[in-house]
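Secondary and tertiary structure notes
The lines below spell out each chain.
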Amino acid sequence: MDSRLNSVDKKPLIARSRKSAHLLAMRPRQWTKNLVVFAAPLFAFSINLQSLLGSLLAFIMFCCASSSFYLINDIADVESDRQHPVKCNRPIASGLVKIKVALGMAVILLGSALAISWWRSPQLGATITAYAILQIAYNLRLKRMVILDIGAIATGFVLRAYAGAAATGIVLSSWFLICTAMLALFLGIEKRKAELRLTQLKGTKPRAVLRRYSLELLARMESVVTTSTLVTYTLWSSGPLLRGASTSWMLLTLPFVLYGIFRYQLLSDPQEIATDNNNEVEHGGRSERPEEVLLKDLPILCTVVGWIITCFVILCLKQQGLIN
């Protein structure tokens, strides 16, 4: 009798775990990357209900499109994931989400993202389509090609930024797009550096593309991209004279960008990883997972919040005519 009661009690728990597994299979933690779509109205100082709703639509479309490819990747890698000590716990690999169901979810998510995007505007539809083509190329070939793999990651972020503009009708500054590309390259290099460091710490065999990289090479690439990022952001924030931001008061946000980049570099530094007390050694450093840095690293989070608040204050003062 008790055993039957226990089995009945467990059924709702199993049902809930399966429902949550379907959501987890879409990797909602990765959706933080899609927040880049809100950069277009923010950088253009176009903060109103229409621009926010347009950016929100672009954000949702990118979440749907990106999740569809996460599902497809997990389906393709299901056998290898089942042999992996950590990835075996993923919803599809563990069997909580059936492959047919996951495939159906992927088709619905991608199809909906494309259809709604093209309905919204040809520019947004073309951007989501370009992102889908990029993901296909990345998974089939580019992720195994040295340097081009990082370039593909950066292109994905540029497309996200452009989608925010396409959904709101905002004309972006060329400095904004270049700065976005440089910052995305920076994050891609930091991710590869952390992944390479992880293989060295654990003594595991690196995947094919990582064998072509070295920490010395990535450090040189990081130096070039970091300098380029800071220069392009400075040129943009210098104001209308250089066809950048609408006010040169945006130079006040430069310290936040400087600290954020240097803090991120610190998190990926081998010496910092080796002395970390939060078991980050096991993961090669927090910069291996850029989407989690924003959520878990308090200094980075405070820096982002400080940058946003400063931008809004400058925007309000400009709208009131108190600054030029």
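The residue numbers shown here count from 1 along each chain, following its written sequence. Restriction of local features to residues with pLDDT of at least 70 applies here, the model being predicted, together with a cutoff of 80 or more for giving and counting side-chain atom pairs; totals for whole chains, interfaces and linings are based on all residues. Neither water nor hydrogens contribute to the side-chain values; these are computed over all heavy atoms in the structure.

Quick notes on the overall build of the protein
To keep it simple, the criterion reads: By definition, any uninterrupted DSSP run of H or I lasting at least four residues is a helix, any uninterrupted run of E lasting at least two residues is a strand, and each is numbered from the N terminus. Accessible area is worked out with a 1.4 Å probe on protein chains only. A residue is then buried under 20% of its type maximum, exposed over 50%, and partly exposed in between. Any two residues having at least one pair of non-hydrogen atoms within 4.5 Å are treated as being in contact. Reported accessibility uses the Shrake-Rupley method at a 1.4 Å probe radius. Residues are deemed covered only where the shown protein chains occlude them.
Tallying secondary structure elements over the protein gives 14 helices and zero strands in all. Within the protein, buried positions represent 46% of all 324 residues. When contacts within the protein are restricted to residue pairs at least 6 apart in sequence, long-range pairs at least 24 apart make up 68% of them. Surface accessibility of the protein: about 17,100 Å² in total, with carbon and sulfur atoms responsible for 65%.

Examining the environment of Ala152
You can see Ala152 is positioned in helix H8 (residues 148-168). Look at Ala152 and you get buried, because its relative accessible area is 8%. The sequence separation of Ala152 and Gln135 amounts to 17 residues, and the corresponding C-alpha distance is 8.5 Å. In this structure Ala152 touches Leu134, Tyr138 and Leu142, once residues within four positions along its chain are discounted.

What to know about the pattern of salt bridges
Test applied: One speaks of a salt bridge when a side-chain nitrogen belonging to Lys or Arg is within 4 Å of a carboxyl oxygen belonging to Asp or Glu.
Evaluated as defined, the whole model comprises nine salt bridges. Of the charged contacts, one joins Arg27 and Asp74 as a salt bridge, the two residues approaching to 2.5 Å between their closest N and O atoms. A residue pair is termed long-range when its members are at least 10 positions apart, and Arg27 in the loop between helix H1 (2-25) and helix H2 (39-43) and Asp74 in helix H3 (residues 49-76) qualify at 47 residues. On the basis of relative accessibility, which here comes to 4%, the residue Asp74 falls in the buried class. Across the salt bridge formed by Lys191 and Glu195, the nearest N and O atoms sit 3.7 Å from each other. Of this pair, Lys191 and Glu195 both sit in helix H9 (residues 174-202), four residues apart, which is roughly one turn of that helix. Its relative accessible area of 23% is what places Lys191 among the partly exposed residues. The exposure class assigned to Glu195 is buried, which follows from its relative accessible area of 11%.

Details of unusual backbone geometry
Phi at Arg27 takes a positive value of approximately 55°, unusual for a residue other than glycine. At Ile147, a residue that is not glycine, the phi angle is positive and equals roughly 70°. Along the chain, the position of Ile147 falls in the loop between helix H7 (122-140) and H8.

Some thoughts on the UniProt feature "transmembrane region" (unreviewed entry) in the protein
The condition that has to hold: UniProt positions are given in the numbering used here, feature names are shortened, and annotations may be inferred rather than shown by experiment.
Per the UniProt annotation, the sites labelled "transmembrane region" (unreviewed entry) are residues 31-49, 97-118, 145-163, 169-189, 241-262 and 298-317. The span residues 31-49 carries 32% helix and 0% strand; its end-to-end C-alpha distance comes to 22 Å. For residues 145-163, the helix share is 84%, the strand share is 0%, and the end-to-end C-alpha distance is 26 Å.

Observations concerning the nonpolar core
Using the following cut-off: The set of buried Ala, Val, Leu, Ile, Met, Phe, Trp, Tyr and Cys residues whose side-chain atoms join them within 4.5 Å is what this entry labels a nonpolar core.
Core analysis: the biggest nonpolar cluster contains 40 residues, and Phe62, Leu71, Ile92, Leu124 and Ile128 have the highest contact counts within it. Looking at this core, the elements with two or more residues in it are H1, H3, helix H6 (99-120), H7 and H8. When near neighbours in sequence (up to four residues on either side) are disregarded, Ile128 contacts Met61, Phe62, Ala65, Ala113, Leu114 and Ser117. By size, the runner-up hydrophobic cluster in this structure holds 37 residues, among which are Phe176, Ala245, Ile261 and Tyr264.

As for the packing of aromatic side chains
Convention followed: Stacked, edge-to-face and tilted are the three classes for Phe, Tyr and Trp ring pairs, Trp counted by its six-membered ring, which pair at centre distances within 6.5 Å; planes under 30 degrees apart are stacked, over 60 edge-to-face, the rest tilted. Definition used: whenever NZ (Lys) or CZ (Arg) falls within 6 Å of the ring centre and also within 35 degrees of the ring normal, the charge is taken to sit over that ring.
As enumerated under the stated definition, the model contains four aromatic pairs in all. Each ring, one from Phe62 and one from Tyr131, has its centre 5.0 Å from the other, and the planes form 70°; the classification is edge-to-face. Residue Phe62 is located in helix H3, and its partner Tyr131 is located in helix H7; the two are separated by 69 residues in the primary sequence. Of the residues examined, Tyr131 reaches a relative accessible area of 2% and is grouped as buried. Its end group placed over the ring of Phe157, Arg160 keeps NZ or CZ at 5.0 Å from the ring centre.

A short note on the side chain of Asn34
For Asn34, the location among the structural elements is in the loop between H1 and H2. Apart from the residues within four sequence positions on either side, Asn34 is in contact with Phe59, Phe62, Cys63, Ser66 and Arg160.

So, the packing of H9 against helix H10 (residues 215-237)
Inclusion rule: Axes here mean lines fitted to C-alpha atoms, for a helix over just the part in contact, with angles spanning 0 to 180 degrees between N-to-C directions. Small angles under 35 degrees read as roughly parallel and large ones over 145 as roughly antiparallel, with 65 to 115 read as roughly perpendicular and the rest as oblique. Handedness of a helix crossing follows the sense of rotation of the near helix relative to the far helix, less than a right angle counterclockwise being left-handed and clockwise being right-handed.
Running from N to C, H9 and H10 cross one another at 155°; their axes reach a closest spacing of 8 Å. One way to sum up the angle between H9 and H10 is to call them roughly antiparallel. Note that H9 runs across H10; the crossing there is left-handed.

Observations regarding the packing of H3 against H8
Between two packed helices, the angle of one axis relative to the other and the distance separating the axes together describe the packing. Contact pair H3 / H8: the axes reach a minimum separation of 8 Å and the direction vectors enclose 135°. On the basis of their axis angle, the class for H3 and H8 is oblique. The two elements H3 and H8 cross, and the hand of that crossing is right-handed. For the pair H3 and H8, contact is made by Ser51, Gly54, Ser55, Ala58 and Phe62 and by Leu159, Arg160, Ala163, Gly164, Ala167 and Thr168, respectively.

Let's talk about the confidence of the model for the protein
Stated precisely, the cut-off is as follows: A score from 0 to 100, pLDDT tells how confident the predictor is in each residue.
Per-residue pLDDT for the protein averages 83, and the proportion of residues at 70 or more is 85%. Within the protein, no element has a lower average pLDDT than H1, which sits at 55, and none a higher one than H6, at 94. With pLDDT under 50 throughout, residues 1-16 is counted as low confidence; its partners more than four residues away or in other chains account for zero contacts. Scored below 50 in pLDDT, residues 279-284 shows 16 contacts in the model against residues more than four places distant or in partner chains.

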